[in-house]
Amino acid sequence: MACGAPTILSDLPWTKEFIVSEQNALLVPVKDHSALASAILRLLSDETLRQRVVAANLKLVADKLDYHKHMAHMESIYQELRSSKISQRTNSKVVG
């Protein structure tokens, strides 16, 4: 997705989290070789679909899967937890 390749995925539960069928990927039933072959041929023959899927995926990766954004978010969570822990220690010392 991040490399600009059109995507075909098995239609598994995890894909529903952020993949929109026909927008980010062509979803095919698990172990359905005929559906997979049809999806491959469709992407090869439909330039508009390929470009739409690639553009949507590059945006998805930039918006939701960016490493630096995730690490900044994780750092803010750790800082919040750290501040909360310090606050709890301070409050327990005052009360105790």
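Residues numbered from 1 in each chain as written. Predicted model: local features only at pLDDT ≥ 70, side-chain atom pairs only at ≥ 80, totals over all residues. Heavy atoms only, no water.

Undergrad: Sorry, what's going on with unusual backbone geometry here?
TA: Most peptide bonds adopt trans geometry, and most residues besides glycine take a negative phi value. The backbone of glutamate 22 shows a phi angle near 75°, a positive value even though the residue is not glycine. You can see glutamate 22 is positioned in the loop between strand E1 (8–10) and strand E2 (26–28). For glutamate 22, a relative accessible area of 31% translates into the label partly exposed. (Helix = DSSP H or I, 4+ residues; strand = E, 2+ residues; numbered from the N terminus. Buried < 20%, exposed > 50% of the residue type's maximum accessible area, 1.4 Å probe, protein only.)

Undergrad: What exactly am I supposed to notice about the side chain of asparagine 57 here?
TA: Here asparagine 57 shows up in helix H2 (residues 47–64). Among residues more than four places away in sequence, those in contact with asparagine 57 are Met1, Ala5, Thr7 and Asn24. (Contact = heavy atoms within 4.5 Å.)

Undergrad: Is there a simple way to explain the nonpolar core in this structure?
TA: By size, the foremost hydrophobic cluster in this structure holds 6 residues: Leu26, Val28, Ala39, Leu43, Leu49 and Val53. Of all elements in the fold, only E2, helix H1 (33–45) and H2 reach the threshold of two or more residues within this core. The contacts of valine 53, once residues within four sequence positions are left out, are Pro6, Thr7, Glu22, Gln23, Asn24 and Ala25. Ranked by size, the runner-up nonpolar core spans 5 residues in total, among them Leu9, Ile19, Ala25 and Leu60. (Core = buried A, V, L, I, M, F, W, Y, C linked by side-chain atoms within 4.5 Å.)

Undergrad: Explain the environment of isoleucine 86 to me, please; I cannot follow it from the model alone.
TA: Here isoleucine 86 shows up in helix H3 (residues 67–95). When the C-alpha atoms of isoleucine 86 and aspartate 32 are compared, they prove to be 54 Å apart, with 54 residues separating the residues in sequence.

Undergrad: So what exactly am I meant to see when it comes to the packing of H1 against H2 here?
TA: The description of two helices packed together rests on the angle between their axes and the distance between the axes. Here H1 crosses H2 at 100°, and the two axes come no closer than 5 Å. Taken as axis vectors, H1 and H2 run roughly perpendicular relative to one another. Where H1 abuts H2, its residues Arg42, Leu43, Leu44 and Ser45 lie against Glu47, Leu49 and Arg50. Class assignment of the residues belonging to the contact of H1 with H2 gives a composition of 3 nonpolar, 1 polar and 3 charged. (Axes fitted to C-alpha atoms, helices over the stretch in contact; angles between N-to-C directions. Parallel < 35°, antiparallel > 145°, perpendicular 65-115°, else oblique. Nonpolar A, V, L, I, M, F, W, Y, C, P; charged D, E, K, R; others polar.)

Keep in mind that these numbers describe shape and distance, not what the molecule does.
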